[in-house]
Amino acid sequence: MEILLDTANLEQIKKYTELYDITGVTSNPTIISREKAEFWPLLLEVRKIIGDRQLHVQVTADTWEEMIKEGECIREKLGKDTYIKVPTTEQGICAMKHLKAEGANVTATAVYTTQQAMMASSAGADYVAPYFNRMNNLNVDSKKVIGDMANLFKIHDKKTKILAASFKNTEQVMDALMVGAQAVTVSVDLLTTMVENAIIDFAVEGFKKDWIKTYGDKKIYEL
């Protein structure tokens with residue numbers, strides 16, 4: 001099970017890669033634009049912070065030829081192990097095939113259907129990224145679609161992993177994992193919600209009060 005941060009905010013990346021077992025960082029043009037920073041300096045700093053963890057960066061071109069050029073440039077500047085995110089369109093599938101032939105890591109993004117996942121996997125994609133909440137908003141059963149993807153890859157012994165994305169709450173995150181997604185990419189807000197809430201805080205505070213009643217302010221290593 002892999003957890004990735006869906007952000008390009010440097011302070012968030014620094015903080016949460018130290019706190020949690022984070023597999024890597026995903027980004028897209030929208031996420032990067034929020035930082036109002038120069039493209040390459042920002043991503044180079046992200047790479048510096050995360051070290052050899054995964055970094056997923058999306059191409060912006062429309063044609064497969066231009067997607068390949070962008071992918072090659074991303075790998076040259078950010079490292080050969082960088083995952084190139086490619087939209088799962090006809091042009092994107094062609095770009096995925098060529099990038100994989102060059103040895104690139106590829107993440108197929110903007111996935112809404114099992115058919116798209118099948119085509120991306122056949123082109124060699126390392127990950128497919130289905131948009132959980134966006135599918136729900138289109139009256140598509142996200143859980144079923146991701147479950148079908150997982151079953152399809154298992155039947156045909158495909159190594160492609162499912163990196164579920166686009167969540168509005170933690171229930172959706174857990175639903176995706178429970179039906180077969182091997183990885184999720186989540187915002188910092190959702191990540192912290194998984195372990196920070198009033199009920200947990202109440203329980204921890206109770207433990208602390210009981211400890212103090214018996215041992216005062218001493219720590220375990222001071223006893």
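Scroll up for the structure.
Residues numbered from 1 in each chain as written. Predicted model: local features only at pLDDT ≥ 70, side-chain atom pairs only at ≥ 80, totals over all residues. Heavy atoms only, no water.

Caption draft 1: Region of interest: the packing of helix 6 (residues 114-122) against helix 8 (residues 142-155). Interaxial distance between helix 6 and helix 8 falls to 9 Å at its minimum, and their mutual angle equals 35°. The way helix 6 lies across helix 8 gives a crossing that is right-handed. Each of Thr114, Ala117, Met118 and Ser121 in helix 6 lies in contact with helix 8, whose residues at this interface are Val145, Asp148, Met149, Leu152 and Phe153. For the contact of helix 6 with helix 8, a count of residues per class yields six nonpolar, two polar and one charged. (Axes fitted to C-alpha atoms, helices over the stretch in contact; angles between N-to-C directions. Helix = DSSP H or I, 4+ residues; strand = E, 2+ residues; numbered from the N terminus. Left-handed = near helix turned anticlockwise from the far one by under 90°. Contact = heavy atoms within 4.5 Å. Nonpolar A, V, L, I, M, F, W, Y, C, P; charged D, E, K, R; others polar.)

Caption draft 2: Structural context of the packing of aromatic side chains. Overall, the coordinates contain five aromatic pairs when judged by the stated rule. Here the aromatic rings of Phe39 and Trp40 are separated by 4.8 Å at their centres, their planes lie at 80°, and the arrangement is edge-to-face. Their ring planes at 80° and their centres at 5.5 Å tell us that Tyr112 and Tyr131 sit as a pair that is edge-to-face. With Tyr112 in the loop between strand 5 (105-111) and helix 6 and Tyr131 in the loop between strand 6 (127-130) and helix 7 (132-137), this pair connects stretches of sequence that are 19 residues apart. The cationic tip of Lys77 hangs over the ring face of Trp40; the distance from NZ or CZ to the ring centre is 5.4 Å. (Phe/Tyr/Trp six-rings, centres within 6.5 Å; stacked < 30°, edge-to-face > 60°. Lys NZ or Arg CZ within 6 Å of the ring centre and 35° of its normal.)

Caption draft 3: Helix 4 (residues 64-78), seen in detail. With 15 residues, helix 4 ought to run about 21 Å at 1.5 Å a step, and its terminal C-alpha atoms sit 21 Å apart, in line with that. Residues of helix 4 that are buried include every one of Met67, Ile68, Gly71, Ile74, Arg75 and Leu78, and no others. Mapping the buried residues of helix 4 onto a view down its axis gives an arc of 125°, with all of them on the same face. Opposite the buried face of helix 4, by more than 90 degrees, sit the exposed residues Lys69 and Glu76. One or two positions beyond helix 4, positive phi appears at Gly79, with a value near 115°. (Expected span 1.5 Å × (residues − 1). Buried < 20%, exposed > 50% of the residue type's maximum accessible area, 1.4 Å probe, protein only. Arc of directions from axis to C-beta.)

Caption draft 4: Molecular detail of the nonpolar core. Counting 55 residues, the largest nonpolar core has Val86, Met96, Val128, Ile146, Ile162 and Phe167 as the members making the most contacts within it. When sequence neighbours within four positions are dropped, the list of residues in contact with Ile162 reads Val128, Pro130, Ile146, Met149, Ala150, Phe153, Gly180, Ala181, Gln182 and Ala183. By size, the runner-up hydrophobic cluster in this structure holds five residues, among which are Leu4, Tyr127, Leu163 and Ala183. (Core = buried A, V, L, I, M, F, W, Y, C linked by side-chain atoms within 4.5 Å.)

Caption draft 5: Structural view of the packing of helix 3 (residues 39-50) against helix 4. Closest axis-to-axis distance for the helix 3/helix 4 pair is 10 Å, and the angle between their directions is 55°. When the axis of helix 3 is compared with that of helix 4, the two are oblique. In this structure, helix 3 crosses over helix 4, and the sense of that crossing is right-handed. Note on element contacts: helix 4 touches helix 3 through Cys73, Ile74, Lys77 and Leu78, opposite Trp40, Leu43, Leu44 and Arg47. Across the contact of helix 3 with helix 4, the residue classes tally to six nonpolar, no polar and two charged. (Parallel < 35°, antiparallel > 145°, perpendicular 65-115°, else oblique.)

Caption draft 6: Fine view of the pattern of salt bridges. Inspection of every chain in the model, using the stated rule, returns six salt bridges. Here Glu66 ties to Lys69 by a salt bridge, and the two come within 3.6 Å at their closest N and O atoms. Highlighted residues: Glu66 and Lys69, both in helix 4, separated by three residues, approximately one helical turn. Between Asp148 and Lys144 there is a salt bridge, with the nearest N and O atoms lying 2.8 Å from each other. Taken together, the residues Asp148 and Lys144, both in helix 8 and four residues apart, mark about one turn of the helix. On the basis of relative accessibility, which here comes to 31%, the residue Asp148 falls in the partly exposed class. (Salt bridge = Lys/Arg side-chain N within 4 Å of Asp/Glu carboxyl O.)

Caption draft 7: Layout of unusual backbone geometry. Even without glycine at this site, Lys36 takes up a positive phi of about 50°. With respect to the helices, strands and loops of the structure, Lys36 is situated in the loop between helix 2 (29-34) and helix 3. Among the residues examined, Lys36 registers a relative accessible area of 75% and is labelled exposed. One non-glycine residue, Ala110, lies in the positive phi region at around 55°. For Ala110, the position within the fold is in strand 5.

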